[in-house]
2 protein chains.
Amino acid sequence: MEDREISRAVIGRLPRYYRYLGELLDEGVERISSSDLSKKMRVTASQIRQDLNNFGGFGQQGYGYNVKYLYTEIGKILGLDRTHNIIIIGAGNLGQALANYVGFEKSGFILKGLFDVNPRLEGVTIRGIPIRRMDELKAFIRHNDIEIAVLTIPKSKAEEVAGVLVEGGIQGIWNFAHTDLVLPDNVIVESVHLSDSLLELSYNISSSEKDTENN
Amino acid sequence: MEDREISRAVIGRLPRYYRYLGELLDEGVERISSSDLSKKMRVTASQIRQDLNNFGGFGQQGYGYNVKYLYTEIGKILGLDRTHNIIIIGAGNLGQALANYVGFEKSGFILKGLFDVNPRLEGVTIRGIPIRRMDELKAFIRHNDIEIAVLTIPKSKAEEVAGVLVEGGIQGIWNFAHTDLVLPDNVIVESVHLSDSLLELSYNISSSEKDTENN
DNA sequence: TAGATTGTTAATCGATTAACAATC
DNA sequence: TAGATTGTTAATCGATTAACAATC
């Protein structure tokens, strides 16, 4: 229906709005103005209003925004009005950590399967979910309506496994491998490059030290 | 010395340059032009040259960039020409996963200590490093020249623990707690909001589905 | 020298902020 | 009605891209 392209910057801020609204909701706050929210979130009120108006007019002049309503609406925008079946590929430390995190389940991301290249892990269960062999992967995606694959495997295997996921009809990949996957446009990739993040921290520390020396 | 402020966008791209240059180095590539690198990285050559020239002229007209030299120089910019002592606070699944990841060590981030609020974990070791009690934290930072703290604890405790870290004189916090820490300006915070990242993936999947329906 | 490719200036594009009329 | 605050247009700011002279 609507065709207006929403900018990457706006999309990147949506989850943060959702998070703050969720907290306000927990605190029992009923309504909030863009101005008050801007102080909490440390962004401009103008940006908040601009961002939200990409998706519709959720507020009311003279009143502000109803917290519960806005929270629900942003939830819908983020696709949280339904569940998403996910699998984790790579049952190493990180894969297991993510598998054990129940917060995702609460948001509707249901862990349906675990996979690992190591055949010795076959049958081991995490939260009752058995680790499967990679050769079952493609069929499993198809038969269990899997939407998202979490990739927690070494980069050496990532491109190859991603190929299998695409063949299986995966819609999105949450990529923790230390590489940028190049895949067809209809497959969404969201990468979490932990090392990159740590290096950015390192840069910021180093450069702030230099500032201190010079002032 | 230099005062020119480097934009956040540029800084955010540095680790990625470093990653690609490292791969080229491994492949034995000696030199590369901004144009060839731009094809590999799927950015414009113009952006690469602009970004790098924030830090100095690393290339040579008619030749391009020497891979090894550029890799080393970006490494220095990122603060990788020296080691950084780190601690992990929160020895849950994620904390343990990060503790077990040896890649960070290779980049010079040395794990010196582990801490957890759960006293029953005291003395348990990971890679030979014992888990300590929180009441040792402040002194440990001071006496062991700890620069970075990795925060893998629930958000309910994050703000409080961050306060202790600041008192101990920490320079940077790699924050995995599901909250935005508000700390003095001289303490660098780099947050990895995994849930936010997953929600962004969810949004992108949902919106691409809508596109498909309408085309 | 001729060709290649940088470093850098200028042009464009997009995102953020400011301002204010609309309206609850 | 008066006050508050949105939704939205306009102004500003910053980041990206294009272009090209400098130079290896």
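Residues numbered from 1 in each chain as written. Chains lettered and ligands numbered in written order. Predicted model: local features only at pLDDT ≥ 70, side-chain atom pairs only at ≥ 80, totals over all residues. Heavy atoms only, no water.

The name given to chain A in an unreviewed UniProt entry is Redox-sensing transcriptional repressor Rex, and the organism recorded there is Muricomes intestini. Under the UniProt heading Function (unreviewed entry), the entry covering chain A gives this text: "Modulates transcription in response to changes in cellular NADH/NAD(+) redox state." Per its UniProt entry, chain A bears the Subunit (unreviewed entry) comment "Homodimer." (UniProt positions renumbered as here; feature names shortened; annotations may be inferred.)

Visitor: Tell me about the interface of chain A and chain B, and name the residues and values.
Guide: Contact with chain A, which involves 60 residues of that partner, is made by 60 residues of chain B. Between chain A and chain B, a total of about 5400 Å² is buried, with carbon and sulfur atoms accounting for 58% of that surface. Taken together, the connections running from chain A to chain B amount to twelve salt bridges. When the shortest N-O distance is used, the salt bridge between A:Asp196 and B:Arg19 registers 2.9 Å. Across the chain A-chain B interface, the total number found is 18 residue pairs in polar contact (both at pLDDT 80 or more). Counting residues per element, the ones that place at least two in the side of chain A that touches chain B are helix H1 (8-26), helix H5 (93-100), strand E9 (172-175), strand E10 (188-191) and helix H9 (194-214) of chain A. Ranked by residue count, the leading element in the side of chain A that touches chain B is H9(A), at 16 residues. A per-class count over the side of chain A that touches chain B returns 30 nonpolar, 17 polar and 13 charged. (Contact = heavy atoms within 4.5 Å. Buried area = accessible area lost by both parts, 1.4 Å probe. Salt bridge = Lys/Arg side-chain N within 4 Å of Asp/Glu carboxyl O. Polar contact = N/O pair within 3.5 Å; in protein donor to acceptor, adjacent residues only side chain to side chain. Helix = DSSP H or I, 4+ residues; strand = E, 2+ residues; numbered from the N terminus. Nonpolar A, V, L, I, M, F, W, Y, C, P; charged D, E, K, R; others polar.)

Visitor: Hey, could you go over the protein's contact with DNA strand C for me, with residue numbers and the actual values?
Guide: Contacts to DNA strand C come from 25 residues, most closely from A:Ser46, A:Gln50, B:Ser34, B:Gln50 and B:Tyr65. In DNA strand C, the atoms that sit within 4 Å of the protein are 57% sugar and phosphate, with bases accounting for the remainder. Within the side chain of A:Gln60, one N or O atom sits 3.4 Å away from a sugar or linking oxygen of DNA strand C. A:Gln61 places a main-chain nitrogen or oxygen 3.4 Å from a base oxygen of DNA strand C. Those elements giving two or more residues to the surface near DNA strand C turn out to be H1 and helix H3 (45-52) of chain A together with helix H3 (45-52), strand E2 (59-60) and strand E3 (64-66) of chain B. A total of four residues in the surface near DNA strand C trace back to one element, the largest contributor, which is H3(A). (Near = heavy atom within 4 Å.)

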